[in-house]
Amino acid sequence: MSVTVKKEYVNPVGKSVPRIEGKAAVTGQLKYAFDVSFPNMLIGKMIRSPHPHAKIISIDTSKAEALPGVRAVITAKDTHQIKFGSNEYFFPHTTDQMALEADKVRYVGDELGAVAAVDEETALEAIKLIDIKYEILPHVVDVEEAMKPGAPQIHDSLNNIAVILPVNFGNPDRMLKDADYVREDRFYAPAAHQAAIEPHVCVGQWETFSNKITLWASSQAPFKCREALAKTLKMDLNDVRVIKMAVGGGFGGKLEMLPMDFASCMLSKKAGGLPVKICYSREEEFLASRRKHGIIYKLKSGVNKDGTLVGITGEVIADGGAYCSYGPTVLAAAIMRIFMVYKIEHFRITGYRVYTNTPISGAMRGFGGVQAGFAIESHMDMLAEGIGMDPVEFRLKNITTPNMTTINQMKLTTNGLKDCIEQACKAADWEKKQGQQKEICRGIGIGIAADVMGSKMYKSHESAGSLVKVEEDGSVYLFTGAADTGQGSNTALSQIACQELGVSYSRIKCTSGDTEITPFDTGSFASRVTFISGNATILAARDAKIQMLEIIALDLKRNVEDLDIVAEEVINKNDKSVIMSFDEAVTLSYSFKYGRQIIGRGSYNPKTTPIDFRTGEGNVSGSYGFEAQIAEVEVNKKTGDVTILRLYDAHDIGKAINPQSVEGQIEGSLAMGLGYTFMENLTFDKKGRPGNGNFAHYRIPRSLGTPPMTSILIETDDPEGPFGAKGMGEASLLPTSAAIANAIYDAIGVRIKELPITPDKIINALKEKESNEK
């Protein structure tokens, strides 16, 4: 019996087909990590430090262990005390965190142990019974204070500087000296939180009979999580299985193994193999997961009268919190993204990633590009104004072009940045509006950006693998290690597989993110999945197709090179004649005569080079995506309130595999950008604890009140991308804050250099402007 084929889903690439998991999601049948349940499952809770900085003198767990209902208590003495980190391949000294700290705690919330009990109430009661003695140490919360000589030393790093990243090209000092116009600015972009609706959840089980572990988790990178678990538990990779469940939002916050993942497995071992579930509360999410780096961004740049950008110098200071996490990558991305966007040959910026006694900064959508985008794109507008040039004209003068190599050896092939700028300006009617609406306090502003399609900054390779299996009934199964975190990658990869195999999208099912049964994939980050995992999928589907065509060629005594499968039919490529249907081809493959199972394999590693952090050179991505964004605003001078009238976003996406999903990713990024521009600011009290660490006090945008958005898809047909596609999703977030800040300046003539932009800041800026004009 053959599967039912829907003809409207033939040739699915470029069509807005339904999400492959869509019905399960809207009917509540999609399984998240919290839905994982087993008989006799225990509930785990983490033991956390109440102090921002202290030596651990002793831990007495005897009373907790004696409490009825407690099945296991673990501390560092139960572990191998192995440190882990996320950038250890290039920065081994940043491997600085233990799953459970043994000697010292470095922020309020630092993990010292964990408890497993029959229910949550008992686990929480047990934690209260644990007697921990500390030697309190001085602490530091402010990042600039942490860098001063004599500040409390958090790790063995001089002046608490975990990473120094100098990026130098040319002779910027000489160019600034000779420039027609030079200006210097300081910007601040605050800490923020991913604020995913689903908190971190995991279930760990240690099989006592096999000494293997299984972790069910909400993860963006199950293979990376497996790697960290195997390292810290001193186990072989094939003894650790990580199963990614449906993810209720990640945004970078679920890219790493957290101590809770480790603890659930260790607690299970100590409890005799009973599974252990750990679920963070909302307060724990803000306290002990990961957050966006707060960044101070200083820039000094020079331009000539004709608008040529001749030199840039500056400094980037990133507040890293208590441990390194993805800090080196974030710092590098915050400094080096500019090379994708602007032609600049004389450049010197030094970055510092600094320890403080605050929650850990890690990956968040944009990887430092959001903070950098606000600073750089605001600064570019100010440079243009300084020489009396239109901001768009200034950018068009200085942007990168197709088929060029940047000063730091990034190889840009397709580059739709010019088209993005021109199409966005046309849609927004830029020439008629810019600088022409001050009387009604309306303004228009632009920001531009670029992003990678993956990044060879984590390990020696950036590969992904896929399997495509054709069953006897004609159904198709895709196995991919890529992690669908809600962005729709399972759908896009399924479309790619079906397009290459020549079948309807209605035939396919997808299994993803299970380290035991799917091929390796580094994870969902850096807009890499469509480009890298998509290429692996197209190769797997092609392999499966060739296997079928070889059988047909053998049976019909034809040349296999003359055959293809297109739109559910096997055809002769020379005259386009139909030879047989796909179902007939499947029947032939599985017939008594051949009995051939069709299993296609694909592996793809982009043609990239890692960054040489001594020089800043490296082609980190197989392709690059580009973006221009325009904001229209209206400002109330009396109240300082800003109304976003419309956002326009033009995005070079190579080829839209699923246009509806592409637009959804753009709109989601814009909404996130609005939140960071106007609302989000994760504050810390004197002890480094989040001052607004819950949804009652941490403000994020909602769908109600979201402004109109216009998405413009620029298709440049990238030769390296699957069917010409590039990755996308993060780039649309990068210029939002700057576009809005530039629009506010266009409307009322005040420049806001610190996020978030609040009514108070606007009112104070207007007062200062008025005072200066007197």
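Residues numbered from 1 in each chain as written. Predicted model: local features only at pLDDT ≥ 70, side-chain atom pairs only at ≥ 80, totals over all residues. Heavy atoms only, no water.

1. With respect to helix 17 (residues 582-589)
Definition in use: Residue exposure (1.4 Å probe, protein chains only): buried if accessible area is under 20% of the type maximum, exposed if over 50%, otherwise partly exposed. Helix numbering and strand numbering both begin at the N terminus, where a helix is a DSSP run of H or I of at least 4 residues and a strand a DSSP run of E of at least 2. This arc is taken over the directions from the axis of the helix to the C-beta atoms.
Among all positions in helix 17, only Phe582, Ala585, Val586, Leu588 and Ser589 are buried. The arc enclosing the buried residues of helix 17, seen along the axis, measures out at 160 degrees, which places them on a common side.

2. Remarks on the packing of helix 12 (residues 391-398) against helix 13 (residues 417-428)
Basically, it comes down to this: Convention adopted: a line fitted to C-alpha atoms gives each axis, helices being fitted over their contacting stretch, and angles between N-to-C directions are expressed from 0 to 180 degrees. Roughly parallel means an angle under 35 degrees; roughly antiparallel, over 145; roughly perpendicular, 65 to 115; everything else is oblique. A crossing counts as left-handed when the near helix is turned anticlockwise from the far one by less than a right angle, and as right-handed when that turn is clockwise. When checking whether two residues touch, look at their non-hydrogen atoms; a contact exists if any pair is within 4.5 Å. Polar here means any residue other than Ala, Val, Leu, Ile, Met, Phe, Trp, Tyr, Cys and Pro, which are nonpolar, and Asp, Glu, Lys and Arg, which are charged; Gly is therefore polar.
Packing of helix 12 against helix 13 leaves a shortest axis separation of 10 Å and a crossing angle of 165 degrees. For the element pair helix 12 / helix 13, the angle class is roughly antiparallel. Of the two elements, helix 12 crosses helix 13, and the hand of that crossing is left-handed. Here Val392, Arg395 and Leu396 of helix 12 come into contact with helix 13, specifically with Lys418, Ile421 and Cys425. Of the residues that constitute the contact of helix 12 with helix 13, the class distribution is 4 nonpolar, no polar and 2 charged.

3. Overview of the environment of Ala33
Relative to the helices and strands, Ala33 resides in the loop between helix 1 (22-26) and strand 1 (42-48). Taking the C-alpha atoms as reference, Ala33 lies 5.8 Å from Val201; in sequence the two are 168 residues apart. When near neighbours in sequence (up to four residues on either side) are disregarded, Ala33 contacts Glu198, Val201, Val203, Trp216, Ala217, Ser218, Met245, Ala246 and Lys277.

4. Looking at the packing of aromatic side chains
Selection criterion: Note on aromatic contacts: the rings of Phe and Tyr and the six-membered ring of Trp form a pair at centre separations within 6.5 Å, being stacked when their planes are under 30 degrees apart, edge-to-face when over 60 apart, and tilted otherwise.
Per the stated rule, a full pass over the model turns up 15 aromatic pairs. Residues Phe223 and Phe520 carry aromatic rings whose centres are separated by 5.2 Å and whose planes lie at 65 degrees to one another, so their mutual orientation is edge-to-face. Of this pair, Phe223 sits in helix 6 (residues 222-233) while Phe520 sits in the loop between strand 23 (508-512) and helix 16 (529-556); the two residues are 297 residues apart in sequence, bridging distant segments of the chain. Judged by relative accessible area, which is 2%, Phe223 ranks as buried. Geometrically, the ring pair formed by Tyr326 and Phe367 is edge-to-face, given 5.8 Å between the ring centres and 90 degrees between the ring planes.

5. Section: the state of the cysteines
Convention followed: Cysteine sulfur atoms are paired as a disulfide whenever they come within 2.5 Å of each other.
In total, this model carries 0 disulfides according to the counting rule given. With no disulfide of its own, Cys324 lies closest to Cys225 among cysteine sulfurs, the gap being 19 Å. Considering cysteine sulfurs only, Cys510 is the nearest to Cys498, which forms no disulfide, with 10 Å between them.

6. Description of the domain arrangement of the protein
We apply this condition: Note that the domain bounds were set by an automatic or database domain assignment. As a working definition, buried area equals the accessible area (1.4 Å probe) given up by two parts on being put together, with both sides summed. Definition used for salt bridges: Asp or Glu carboxyl oxygen within 4 Å of a side-chain nitrogen of Lys or Arg. Whenever two N or O atoms come within 3.5 Å, that pair is a polar contact, provided that in protein one can donate a hydrogen and the other can accept it, and provided that, for residues adjacent in sequence, both atoms are side-chain atoms.
By domain assignment, the protein separates into domain 1 (7-24 + 463-604), domain 2 (38-137 + 197-249 + 256-288) and domain 3 (294-401 + 411-456 + 611-773). Relative to domain 3, the C-alpha centre of domain 1 lies at a distance of 38 Å. Contact residues are listed per partner, giving 25 residues for domain 1 and 27 residues for domain 3. For the pairing of domain 1 and domain 3, the buried interface totals around 1,900 Å² over both sides, and the portion due to carbon and sulfur atoms is 62%. Of all residues in domain 1, Ala526, Ser527 and Phe531 bury the most surface against domain 3, accounting for 34% of the area lost on that side. Across the domain 1-domain 3 interface, the total number found is 0 salt bridges. Across the contact surface, domain 1 and domain 3 share 11 residue pairs in polar contact (both at pLDDT 80 or more).

7. What to know about the sheet that holds strand 11 (residues 201-207)
Under the convention used in this document: Here, a strand pair is defined by DSSP locating no fewer than two bridges between the strands.
Read across the sheet, 7 strands follow the order 3-7-1-14-11-12-13 without closing on themselves; strand pairing throughout is mixed. A strand with exactly one partner marks an edge of an open sheet, and here the two such strands are strand 3 (70-75) and strand 13 (240-244). Within this sheet the neighbouring strands show an average axis-to-axis angle of 20 degrees, counted without direction. Here strand 1 runs beside strand 7 (residues 111-117); their pairing, made up of 6 bridges, is antiparallel. Residue pairing across strands places Met46 opposite Ala114, the latter belonging to strand 7. Lying on the sheet, helix 6 is in contact with strand 11, strand 12 (212-217) and strand 13; it crosses strand 13 at an angle near 150 degrees. Where helix 7 (residues 259-270) meets the sheet, its contacts fall on strand 1, strand 3, strand 7, strand 11, strand 12 and strand 14 (276-279), and the angle it forms with strand 11 comes to roughly 35 degrees.

8. Digging into the environment of Ser527
Mapping Ser527 onto the fold places it in the loop between strand 23 and helix 16. Residue class for Ser527 comes out buried when judged on its relative accessible area of 12%. It is 4.9 Å that separates the C-alpha atoms of Ser527 and Gly727, two residues lying 200 residues apart in sequence. In this view, Ser527 contacts Asp451, Val452, Met453, Gly454, Gly727, Met728, Gly729 and Glu730; residues no more than four positions away in its chain are not counted.

9. Let's talk about the packing of helix 16 against helix 17
Between helix 16 and helix 17, whose axes approach to 10 Å, the crossing angle comes to 80 degrees. As far as their axial angle goes, helix 17 and helix 16 are roughly perpendicular. Residue-level inspection shows Met548, Ile551, Ile552 and Asp555 of helix 16 in contact with helix 17, the latter providing Phe582, Ala585, Val586, Leu588 and Ser589. Taken together, the residues of the contact of helix 16 with helix 17 break down into 7 nonpolar, 1 polar and 1 charged.

10. As for helix 7
Let me state the cut-off plainly: In this analysis, the expected span of each helix is defined as 1.5 Å times one less than the number of residues it contains.
Look at helix 7: 16 Å from first C-alpha to last across 12 residues, which is about the 16 Å you get at 1.5 Å a residue. Burial analysis of helix 7 places 10 of its 12 residues in the buried class, which makes it a mostly covered element. All of the buried residues in helix 7 are Pro259, Met260, Asp261, Phe262, Ala263, Ser264, Cys265, Met266, Leu267 and Ser268. Remark: Gly272 follows helix 7 within two positions and exhibits a positive phi of approximately 80 degrees.

11. Some details on the sheet that holds strand 17 (residues 347-355)
Read from one edge to the other, the open sheet built from 5 strands follows the order 9-17-16-15-10, with strand pairing classed as mixed. In the strand order of this sheet, the two ends are held by strand 9 (161-169) and strand 10 (181-189), each with one partner. Across the sheet, the axes of successive neighbouring strands diverge by a mean angle of 5 degrees, strand direction being ignored. Pairing between strand 15 (residues 294-303) and strand 16 (residues 309-321): 10 bridges, direction antiparallel.

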